[in-house]
Amino acid sequence: MQIKCVFFGKNISGDVMKNRINLNNFDIHTDLVIDNIDNIDKNSFVTNEDYSDSVSVNRVVVDEGNSDILGKKCGKYITINFDDITNFEDRELVGKVFEKEFKLLLKDLNIDKDSECLIVGLGNDNSTPDSLGPKVISNIMVTRHLFLICPDQVKSGIRCVSGFVPGVMADTGIESSDIILDIVKDIKPKFMIVIDALSSNSIDRVNRTIQITDSGIHPGSGIGNNRKEISKDIMGIPVIAIGVPTVVDIST
């Protein structure tokens, strides 16, 4: 099949356009480590596990030896891939796989069940592809106020959790990292979870991938708008970043 387009009154077939467009001239941004490992020898630092025909996990360890190649900060990156989240069975399985991988990461970071947690939702609630973080915060169960007001009535097994949406710099004029750091210094959580919408260089990964990493996050990096990072190096506590790709570069 050929696609024909009209440029300045001239018909240009799809295969001619393909020859004329060199994507090497474009800086295609991605937040996903999995996007950067397709063309390199990855046997030494990547493991894969299939949970079904449509749900799988890639685990990537980024260290000083491959950080420059992958273009990512050192840390563990877990990528959950799935075909169709609207399928009930896949949705249930993805939830179970996420829970398993997240618990393993908490264990690796020596975070116990009683450690206080701050959950931060990055992004802009007024922009659909950037609203993941704020929407997650509106759906979590925050409990810190209960521990402050009536700690004797909190049931065993419930973690002390606080949630916060710092907004975007275009609205506040303040770096999200600076706002979050002040909150961390004030309430002193033991670890942090940061939720954000991500960018991919593959349309196939949009809304079909979940990335979990202990390396933290650079807000806006996926669209070339680097802001101050949110990581253990800055915050002084473990930072787990969870994201779903919702956008791709127009050159993709």
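Located above this text is the structure these notes cover.
As the structure is a prediction and not an experimental result, all values here were calculated from the model.

### Quick word on the overall build of the protein chain
Counting its regular elements, the protein chain contains eight helices and ten strands. The buried share of the protein chain, reckoned over its 252 residues, is 42%. Counting only contacts in the protein chain whose residues sit at least 6 apart along the sequence, the fraction spanning at least 24 positions is 68%. Accessible area for the protein chain stands at about 14,700 Å²; split by element, carbon and sulfur atoms hold 50% of it.

### Quick word on helix H7 (residues 176-187)
Its twelve residues place the ends of H7 17 Å apart at the C-alpha level, agreeing with the 16 Å of an ideal helix rising 1.5 Å per residue. Against strand E6 (117-121), helix H5 (144-149), strand E7 (161-164), helix H6 (169-172), strand E8 (191-200) and helix H8 (232-235) lie the buried residues of H7. Taken from the residues just after H7, Lys 188 is the one with a positive phi, measuring 55 degrees.

### Side note on the side chain of Thr 209
Examined against the element boundaries, Thr 209 turns out to sit in strand E9 (residues 209-213). Separated by 3.3 Å, the side chain of Thr 209 and the backbone oxygen of Arg 205 make a polar contact. Non-local contacts of Thr 209, meaning those with residues more than four positions away in its chain, are made with Leu 32, Thr 79, Ile 80, Asn 81, Phe 82, Gly 243, Val 244 and Pro 245.

### Observations regarding helix H3 (residues 88-108)
If you check H3, its first and last C-alpha atoms are 30 Å apart, about what 21 residues at 1.5 Å a residue would give, namely 30 Å. Within the span of H3, buried status applies to Asp 90, Val 94, Val 97, Glu 101, Phe 102, Leu 105 and Leu 106. Looking at the packing, one finds that the buried side of H3 touches strand E4 (55-62), strand E5 (75-82), E8, E9 and strand E10 (239-248). Of the residues that open H3, the one with a side-chain oxygen 3.0 Å from the backbone nitrogen of Glu 89 is Asn 87. Of the residues trailing H3, Asn 110 is marked for its positive phi of about 60 degrees.

### A word on the sheet that holds E5
As summarised here, the arrangement of the eight strands in space is E3-E4-E5-E9-E10-E8-E6-E7, forming an open sheet in which the pairing is mixed. Only two strands of the sheet have a single partner each, and these edge strands are strand E3 (46-50) and E7. Neighbour to neighbour, the strand axes of the sheet diverge by 20 degrees on average, direction disregarded. Relative to E10, E9 is paired through three bridges, and the arrangement is antiparallel.

### As for unusual backbone geometry
With the exception of glycine, most residues fall at negative phi, and the peptide bonds are largely trans. At Lys 188, a position not held by glycine, the phi torsion is positive, near 55 degrees. You will see that Asn 207, though not glycine, has its phi angle at about 60 degrees, which is positive. Following the sequence through the fold, Asn 207 ends up in the loop between E8 and E9. Relative accessible area serves as the criterion here: at 44%, Asn 207 is assigned to the partly exposed category.

Reading the values: rules and limits
Residues numbered from 1 in each chain as written. Predicted model: local features only at pLDDT ≥ 70, side-chain atom pairs only at ≥ 80, totals over all residues. Heavy atoms only, no water. Helix = DSSP H or I, 4+ residues; strand = E, 2+ residues; numbered from the N terminus. Buried < 20%, exposed > 50% of the residue type's maximum accessible area, 1.4 Å probe, protein only. Contact = heavy atoms within 4.5 Å. Areas by Shrake-Rupley, 256 points an atom, 1.4 Å probe, with all protein chains shown as cover. Expected span 1.5 Å × (residues − 1). Polar contact = N/O pair within 3.5 Å; in protein donor to acceptor, adjacent residues only side chain to side chain. Pairing = 2+ DSSP bridges. Axes fitted to C-alpha atoms, helices over the stretch in contact; angles between N-to-C directions.

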